[in-house]
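A closer look at the structure
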Amino acid sequence: MIRVEHLSKQFGELTVLRDVNAEIKKGEVISIIGPSGTGKSTFLRCLNLLEMPSGGRIFIDGADILDKSADVPKLRQKMGMVFQSFNLFAHLTALENLTIGPVKLLGRSKEQAEKKAMELLKMVGVAEKAGSFPDELSGGQKQRVAIARCLAMEPEIILFDEPTSALDPTMVSEVLAVIRRLAKKGMTMAIVTHEMDFARDVSNRVFYMDEGIIYEEGPPQQIFESPQKEKTRVFINRVRSYSCHIDNPDYDLYAMNGEIETFCEKHALPKQTRNRALLLVEELLVVFGAWRGAQAVDIDLTLSYSEKQDSLELVVESAGDYLNPFEENTLSDQLGITIVKNLSENMEYRRVNNRNRVGLTVKK
Ligand SMILES: Nc1ncnc2c1ncn2[C@@H]1O[C@H](COP(=O)(O)OP(=O)(O)OP(=O)(O)O)[C@@H](O)[C@H]1O
């Protein structure tokens, strides 16, 4: 349905897209992921010419949209777009936001357009807000109206540009649920997203963008569980893990705990696992001196969640003299290490590059 060949895009001196080649077939759901600033949104915006490509070709149902003779408005109509910032008309009600396009551009009668609009508002769960203005809606409701507005134009494909990035975390799931429903109905979609779990669940294929190209593409299992290329692997590991470097005895423990809690919530880990992780981190920081008024602290901690094994791993590395906390009678505070032993499995100590490294799996 969409074929992209050697697409490039420069902004002045900056080359954002170097050589993008891709195909999106009817009924496919494509998630586009990758580090910030790698051109994911630019790629999407080039597809419907919100950004003019610098080079390359884009075929929609076989017609080259960049060809001089192309009927661009007609081709663009096949593509709906949902933006991070909703882009609803502020002076129109939710219902009017949905009817204006079909009446003005598709030649529908007002009655026809309103009937269809109400069906769509119902489908996205905001029918009772039909008469409300965007200002009177929550972020999640606004985005669901925006999706319904997009559907009202009967597109063949919907391009989503980070549809949940501007939302309060409590509203993300209601919008993702609507997109999931569209996927089940067979809607063709391309979604730029930072929601990795969602990307894994919902898509048929994932594009990982980096270096101005689609650096790696494949089914979600490949991209998330066994990426073939190094940069993809690094990116996936980074989003899968929480890391923190502590180099100050007065570090902000509350902020760090908050970040660990957020990380655990993001991976939907049970409360017990989260509490165990927090306690393990706390005890190991005591072991390695972060709380003993040590003059110099140099600790790295990483929590990584493996979907495959459904396990949470903690690695704590600390500079300093040899200190294996699992050896008998090494520590004056044996209680702390007893807690660590009770709450974890696969404990391991190694001396790596003159640093003490403790690795363990948080017990379920
Ligand atoms: N209209 C523009 N003019 C100049 N530079 C732009 C423009 N739009 C995007 N850029 C630049 O192009 C690069 C890629 O931006 P883009 O928004 O496509 O990245 P992204 O991968 O979607 O990032 P993020 O995940 O942070 O949204 C960035 O360096 C951005 O600053």
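Just so you know, these numbers come straight off a predicted model, no measurement behind them.

Calculation criteria
Residues numbered from 1 in each chain as written. Predicted model: local features only at pLDDT ≥ 70, side-chain atom pairs only at ≥ 80, totals over all residues. Heavy atoms only, no water. Helix = DSSP H or I, 4+ residues; strand = E, 2+ residues; numbered from the N terminus. Buried < 20%, exposed > 50% of the residue type's maximum accessible area, 1.4 Å probe, protein only. Contact = heavy atoms within 4.5 Å. Salt bridge = Lys/Arg side-chain N within 4 Å of Asp/Glu carboxyl O. Near = heavy atom within 4 Å. Polar contact = N/O pair within 3.5 Å; in protein donor to acceptor, adjacent residues only side chain to side chain. Areas by Shrake-Rupley, 256 points an atom, 1.4 Å probe, with all protein chains shown as cover. Domains from an automatic or database assignment. Pairing = 2+ DSSP bridges. Axes fitted to C-alpha atoms, helices over the stretch in contact; angles between N-to-C directions. UniProt positions renumbered as here; feature names shortened; annotations may be inferred. Core = buried A, V, L, I, M, F, W, Y, C linked by side-chain atoms within 4.5 Å.

Scanning the protein from terminus to terminus reveals twelve helices and 15 strands. In terms of principal-axis extent, the alpha carbons of the protein reach across some 85 × 45 × 35 Å. Counting the 364 residues in the protein, one finds 51% classified as buried. Of the contacts formed within the protein by residues at least 6 apart in sequence, a portion of 63% connects residues at least 24 apart.

A complete count under the given rule lists 24 salt bridges for this structure. In this structure, Arg205 and Glu28 form a salt bridge, with 2.8 Å as the shortest nitrogen-oxygen distance. Of this pair, Arg205 sits in strand S9 (residues 205-210) while Glu28 sits in the loop between strand S2 (14-24) and strand S3 (29-33), and the two are 177 residues apart along the sequence. Judged on exposure class, the residue Arg205 and its partner Glu28 are both buried. The shortest N-O distance in the salt bridge between Glu211 and Lys231 comes to 2.8 Å. One end of the pair, Glu211, is in the loop between S9 and strand S10 (213-218); the other, Lys231, is in helix H9 (residues 230-240), and 20 residues separate them in sequence.

A word on the site of the ligand. Taken together, 14 residues lie around the ligand, and Ser36, Gly37, Lys40, Thr42 and Glu162 are the ones closest in. Contacts to the ligand include Thr38, whose backbone N or O atom sits 3.0 Å from an oxygen atom. Here an oxygen atom of the ligand sits 3.1 Å away from a polar atom, N or O, in the side chain of His194. Alone, the ligand offers 640 Å² of accessible surface; in the complex the protein occludes 60% of this. Every element with two or more residues in the shell around the ligand is listed here: S2 and helix H1 (40-47).

Let's shift gears to the domain arrangement of the protein. With domains assigned, the protein is organised as domain 1 (2-228) and domain 2 (241-362). Placing the centre of domain 1 and that of domain 2 at their C-alpha centroids yields a distance of 41 Å.

Moving on: the sheet that holds S3. Two strands in a sheet stick together by hydrogen bonds in their backbones, pointing the same way (parallel) or opposite ways (antiparallel). What the six strands build is an open sheet, ordered S6-S7-S8-S3-S9-S10; its pairing is mixed. Both outer strands of the open sheet, strand S6 (79-82) and S10, are each paired with one neighbouring strand and no more. Strand after strand, the sheet turns through a mean of 20° between neighbouring axes, direction not considered. Where S9 lies against S10, five bridges are found, and the strand directions are antiparallel. Across the sheet, residue Phe207 finds its bridge partner in S10, namely Glu217. Taken strand by strand, helix H5 (residues 139-152) contacts S6 and strand S7 (157-161), and its axis lies near 170° from that of S6.

The next thing to look at is the side chain of Arg205. Overall, Arg205 belongs to the buried group, its relative accessible area being 15%. A polar contact of 2.5 Å, which involves the side chain of Arg205, links it to the backbone oxygen of Glu23. Of note is the side chain of Arg205, whose polar atom sits 2.8 Å from the side chain of Glu28. Once residues lying within four places of it in the same chain are set aside, the contact partners of Arg205 are Glu23, Ile24, Glu28, Val29, Ile30, Ser31, Glu217, Gly218, Pro219 and Pro220.

Here the focus is the UniProt feature "domain: ABC transporter" (unreviewed entry) in the protein. UniProt's feature table lists "domain: ABC transporter" (unreviewed entry) at residues 2-236, given in the numbering used throughout. A helix fraction of 38% and a strand fraction of 26% characterise residues 2-236, whose end C-alpha atoms lie 27 Å from each other.

Ranked by size, the top nonpolar core spans 37 residues in total, and within it Ile147, Ile158, Phe160, Leu182 and Met189 carry the most contacts. Elements supplying a minimum of two residues to this core: helix H3 (94-105), helix H4 (110-123), H5, S7, helix H6 (169-184), strand S8 (188-192) and helix H7 (196-202). Listed in part, the 35 residues of the second largest apolar core include Leu253, Val297, Leu303 and Val358.

Right, let's talk about the environment of Asp197 for a bit. Along the chain, the position of Asp197 falls in helix H7. On the accessibility criterion, Asp197 (24% relative accessible area) is partly exposed. Here the alpha-carbon distance between Asp197 and Asp67, two residues 130 residues apart in the chain, equals 38 Å.

A word on the sheet that holds strand S5 (residues 63-64). A sheet is described by the order of its strands in space; here four strands give the open sequence S2-S1-S4-S5, paired in antiparallel fashion. Pairing within the sheet leaves two strands with one partner each, and these edge strands are S2 and S5. Relative to S5, strand S4 (residues 55-60) runs antiparallel, the two being bridged by two bridges. Paired with Ile60 across the bridge in S5 is Ala63.

On to the side chain of Arg357. Here Arg357 shows up in strand S15 (residues 355-362). Classification of Arg357 by relative accessible area gives buried; the value is 19%. Excluding anything up to four places from it in sequence, Arg357 contacts Val315, Val316, Glu317, Glu348, Tyr349, Arg350 and Val352.

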